[in-house]
Every structure is written in C-alpha cells, then in structure tokens.
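Geometric and topological summary
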Amino acid sequence: MAVKVCKFGGTSMADGNVMSRVRNIIESDKDRKYVVVSAPGKRYSGDVKITDILYQCHREVEERGACGASFELIRNRFNSIVRELNIDFDINSVLDETERRINAEKDEDFTASRGEYLSARVMAEVLGAKFIDAEDVIFFDKNGAYAAAKSDKAINDALRGAEKAVFPGFYGRGYNGKVKTFSRGGSDISGAIVARAVNATVYENWTDVSGFLACDPRIVDSPRRIKALSYKELRELSYMGANVLHSESIFPVRKANIPIHIKNTFRPEDEGTLIQPSVYYTPSGSIVTGIAGKKDFTVIFIEKSLMNYQIGFVRKVLSVLEKYNVPVEHIPSGIDTMSVVIESSALKDGKLELILQGIKEAVAPDVLRVNEDIALIATVGHGMSSSVGTSARLFKAMAEASVNVRMIDQGSSELNIIVGVKNEDCEKCIRAIYREFFGN
Ligand code: ASP
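To keep things clear, this report deals only with the structure shown in the data block. (Residues numbered from 1 in each chain as written. Predicted model: local features only at pLDDT ≥ 70, side-chain atom pairs only at ≥ 80, totals over all residues. Heavy atoms only, no water.)

On to the overall build of the protein. Counting its secondary structure elements, the protein contains 15 helices and 15 strands. Computed over the C-alpha atoms, the radius of gyration of the protein is 24 Å, within 12% of the 22 Å expected from 2.2 N^0.38 for a compact globule of 440 residues. Seen through its principal axes, the protein has C-alpha atoms that stretch 75 × 50 × 40 Å. Looking at the 440 residues of the protein, the share that counts as buried comes to 53%. Partitioning the intrachain contacts of the protein with sequence separation of at least 6 by distance along the chain shows that 74% fall at a separation of at least 24. (Helix = DSSP H or I, 4+ residues; strand = E, 2+ residues; numbered from the N terminus. Rg over C-alpha atoms; globule rule 2.2 N^0.38 Å. Buried < 20%, exposed > 50% of the residue type's maximum accessible area, 1.4 Å probe, protein only. Contact = heavy atoms within 4.5 Å.)

In structure tokens, the structure reads:
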C-alpha cells in the first residue's frame, strides 16, 4: 500500500482559502495520509510571515515582560483563517493558552515554534485527522542533531490506529526537554523525518512553485523546468542557493531511498520535480541539469615551492582555520599551490587578518594572496562526466561573454564544475553557461 507524506509550506497555509485547496489536494488521493505543515506565510508581497511576528513577540517579552501587541497580529490572523475555513473550532482558547505559555516560558525557540503548532491544530481540525505534536515525537540528541531511532519509534507509536495525521513542522524536543527549532525553513526537515519514519512511498513537498528550474528565473528569462534530478544534484544546487527545499532536508529521506516530489499547491496539475535516490535515478539525457550561483566568497591563495613534498602542509593551513572556527567550502589545489575558499561572512571582525597571520606563521608561504568578492557558480549534472568536451564548452562560453575565471574546482564526484568569478560577473556568467547548454 502506498503511503504519501505531504509537507505544505508557508504560502500553502497563508489563509483559509489556500488551506481549503490543501484539503482538496489531500482528499483527492487516499494515499496522502500524513501531513506536515509550516506556519502561515505571506499572503501577498509585503505581508509578514507568522514566524517573523513570533520572533517579534519574543523580543517584546524580553523587553516588556509580555507580548501583548505583537500577539494581537497572530490572534487576528488565526481568527480570520478559521472564519474563512468555516469550521467549528475554538481557536481562541488555543490562542489564549499559547500566549500564556509564550509569556511564561520566555523562550525564543518555543515562541517561534507556535506558528507551526497553531497551523497544525487548525489543519487537523479541517481534515478530521489526529494532531501529533512534534514536541512528543521528534527528538534531538545532546549534540543538537536529530535523534533518528528514538524519533522513528515515537512517530510510529503515535500513528498507531490513526487513519490520517497532521504534524507541525520546524521543531521537536531538545536534549534538555524543551522545544527546539530547526534552522529557518526547517519544516522541510520535519517532513523528511516523518517520511522516513513511516517509510513513505514518496515525500511530497508542496510549495508555491512547480518544481526546480534549471537556473534562477531572476537571471534567465523562463528557464527550463527540471523534471527529475538525483539527490546528489539537488544537494549541489541547493547548497549553491537554489532554495526550493531546505538543504538539510534530504538526509533523512535519502538514507531510506525515498523520492521527494516537489509540487505546486496553486497548480496541483503541474508535473513538478521528482528528486530520486541515486539507485533509481535515470539521467534525463541532458548533459547539464542545472546551474546555480552564490556570491560573497573569499579565496585565500597560497603558493610554496615543493609544497607537495611537505608532509602536513595542508593540515597546517586548515588547522589555522579550525582554530578560528571558520568553515572551509572548497580547497582547489595544484602541485605548489592551494586555495581555500571561505564564505566572506565567516571572516568578519578581523578574522581574515588573524588567519593570514596564522598561515604565515604555520607554513611560511612564498605567496599569500586574497581575492575577495568572489562568486561561485556550479554547473551540475550527472551527464557531464560521460560527455567529452563539457568543460571546454563551459569555458568557451565564459570567454565569449568576457568573464574572467578566477578559480576552478571540479568536484571529485565529476558531478559539477565550479568556477569562481568576480561578484559582478556572476549573473553574466550564469547566463552564458545557460545559453551554451540549454540554448537561447
Ligand atoms: N516557519 C519556519 C520559518 O519561517 C519554518 C518553515 O516554514 O519551514 O522559517
């Protein structure tokens, strides 16, 4: 029997009318049994997400002892949702209790999690489904990572006998027993956790777009839609900023080989994008699957004669970065050279200078140079490794667009080619690569 876990994002929960669409979607397929919801998102551009108002509530509690003014906005929003849905549900007692606990607990994660809690309570009512509080079934271990085995068991225990169930996304219970949230956008992770726990046939992720595009539509006009891609391709593209899905949400389902289907709540008939585990993945035949870019990296370039003979050279450089707690994104290297690519935001407050000094002391390089304002552009696709001349086409396209290549890194998986260019060349470069591989 097929079991589908459906996660609905903030725009799918934005108001009562969209929530009615969600009900229709769920009721149109009996396999859609378990539902994970986000907090209500924006109804129109310029609107404020419920989660953002909740963070504001927390600030108000800290400053004034209670969150009266901002909580009024939450209250109004949920009252109008219930009115639009025309359901008989005493939302005000739930809101009263929520406001009381926000003021009493004075805890940021608890407060931020209430948007999901409230929308799941409403959705469970709409569907006549069991409400399962994430606090009781999703657990974190002492390192702050989600505790898979314990959560899987609790989810299955809670689901016993339930025909349909609704879970709030975004939070669980921390090791200290208190509510703990994932990072922003984390309801995607909750959906993946539930999908894995029930060994779902598919994890449907309902958003407000009809799937992934081969590149950012703000850069290229109507880019091609990606019908299917592998988990690995998704990981590369979302790490680089193609953010339809939270980049950590793939891990729980990937382990269990569960496909993710991105669908559009506002156009349910659209095919969407299917993200498949590598074991089932059949390449589409196109060489490149997608192109994504991310700005604001810093490249530290190090040159030292006979670097390759010096045992421990790379380790010494990396230990300087470790000392300052700075994550490294890429390490392209040559015989006598290596570069370390770091997100510029991690080097603020004088850290860059400290690191350069540390590297000088650790390895006495012949040359130590820094390139700031670098954008990385990843061209991703399983098809690239098997087709001759891909990189030649890519670099020719860049040359023809007069984009200077500052750095090259081909991932060891041969799944991607990453080029570093000046921030200001980022869009031009993406357009040139897109044109080369997708035409127009
Ligand atoms: N509501 C949370 C946020 O705005 C989590 C989510 O929507 O996935 O980040």
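Attention shifts here to the pattern of salt bridges. Across all of its chains, the model carries 24 salt bridges by this definition. Residue Lys4 pairs with Glu204 through a salt bridge whose shortest N-O separation is 4.0 Å. One end of the pair, Lys4, is in strand 1 (residues 4-8); the other, Glu204, is in strand 7 (residues 202-207), with 200 residues separating them in the sequence. You'll find Lys4 and Glu204 in the same group, each marked buried. Across the pair Asp31 and Lys30 runs a salt bridge whose closest N-O atoms are separated by 3.8 Å. Judged by relative accessible area, which is 65%, Lys30 ranks as exposed. Members of the salt-bridge network, linked through shared partners, are Lys4, Asp29, Arg32 and Glu204. (Salt bridge = Lys/Arg side-chain N within 4 Å of Asp/Glu carboxyl O.)

The local shell around the ligand consists of Ser38, Lys49, Thr51, Glu116, Phe170, Arg184, Gly185, Gly186 and Ser187. A distance of 3.2 Å separates an oxygen atom of the ligand from a polar atom in the side chain of Ser38. At a separation of 2.7 Å, a nitrogen atom of the ligand approaches a polar side-chain atom of Thr51. Its free accessible area being 260 Å², the ligand has 95% of it covered by the protein chains. Taken together, the residues of the shell around the ligand break down into one nonpolar, five polar and three charged. (Near = heavy atom within 4 Å. Polar contact = N/O pair within 3.5 Å; in protein donor to acceptor, adjacent residues only side chain to side chain. Areas by Shrake-Rupley, 256 points an atom, 1.4 Å probe, with all protein chains shown as cover. Nonpolar A, V, L, I, M, F, W, Y, C, P; charged D, E, K, R; others polar.)

This paragraph deals with the sheet that holds strand 13 (residues 367-380). Hydrogen bonds along the backbone pair up the strands of a sheet, which may run parallel or antiparallel. In space, the five strands of this open sheet follow the order 12-11-13-15-14, with antiparallel pairing throughout. Edge positions in the sheet fall to strand 12 (337-343) and strand 14 (407-410), since each of these pairs with one other strand and no more. Geometrically, the sheet is characterised by an average inter-axis angle of 35 degrees between neighbouring strands, direction not taken into account. Pairing of strand 11 (residues 290-303) with strand 12 involves seven bridges; the strand directions are antiparallel. Residue pairing in the sheet places Phe297 in a bridge with Glu343 of strand 12. Docked against the sheet, helix 9 (residues 231-239) engages strand 11, strand 13 and strand 15 (416-422), running at close to 70 degrees with respect to strand 11. Sheet strands touched by helix 14 (residues 390-400): strand 13, strand 14 and strand 15. Its angle to strand 15, the strand with the most contacts, is close to 15 degrees. (Pairing = 2+ DSSP bridges. Axes fitted to C-alpha atoms, helices over the stretch in contact; angles between N-to-C directions.)

Taken as a whole, this structure holds four aromatic pairs when the rule is applied. Between the aromatic rings of Phe140 and Phe182, the centroid separation amounts to 5.0 Å while the plane-to-plane angle is 55 degrees, which identifies the pairing as tilted. With Phe140 in the loop between helix 6 (134-137) and helix 7 (148-159) and Phe182 in the loop between strand 6 (179-181) and helix 8 (187-197), this residue pair connects regions lying 42 residues apart in the sequence. Residue Phe140 shares its accessibility class with Phe182, and that shared class is buried. Directly above the aromatic system of Tyr171 lies the positively charged group of Arg114, at a separation of 5.3 Å from the ring centroid. Taking the ring centre of Phe140 as reference, the NZ or CZ of Lys180 above it sits at 5.2 Å. (Phe/Tyr/Trp six-rings, centres within 6.5 Å; stacked < 30°, edge-to-face > 60°. Lys NZ or Arg CZ within 6 Å of the ring centre and 35° of its normal.)

As a further point, take the packing of helix 14 against helix 15 (residues 426-438). Direction vectors running N to C along helix 14 and helix 15 enclose 130 degrees, while the axes themselves pass 8 Å from each other. The orientation of helix 14 with respect to helix 15, classified from their angle, is oblique. Relative to helix 15, helix 14 is oriented so that their crossing is right-handed. In contact with Thr390, Arg393, Leu394, Ala397 and Met398 of helix 14, helix 15 contributes Cys429, Ala432, Ile433, Glu436 and Phe437. Looking at the contact of helix 14 with helix 15 residue by residue, the class counts come to seven nonpolar, one polar and two charged. (Parallel < 35°, antiparallel > 145°, perpendicular 65-115°, else oblique. Left-handed = near helix turned anticlockwise from the far one by under 90°.)

Let's shift gears to helix 4 (residues 91-105). With 15 residues, helix 4 should reach 21 Å at 1.5 Å per residue; the first-to-last C-alpha distance of 21 Å fits that figure. When helix 4 is considered as a whole, its buried residues turn out to be Ile91, Val94, Leu95, Thr98, Glu99, Ile102 and Asn103. In a view along the axis of helix 4, the buried residues occupy a sector of 165 degrees, so they form one face of it. Its buried side turned inward, helix 4 meets helix 2 (50-64), helix 3 (68-85) and helix 5 (108-127). Following helix 4 by one or two positions, Lys106 has its phi on the positive side, about 50 degrees. (Expected span 1.5 Å × (residues − 1). Arc of directions from axis to C-beta.)

Let's shift gears to the side chain of Asp152. Assignment of secondary structure puts Asp152 in helix 7. For Asp152, a relative accessible area of 15% puts it in the buried group. Those residues in contact with Asp152 that sit more than four places away from it in its chain are Tyr146, Ile193, Arg196 and Ala197.

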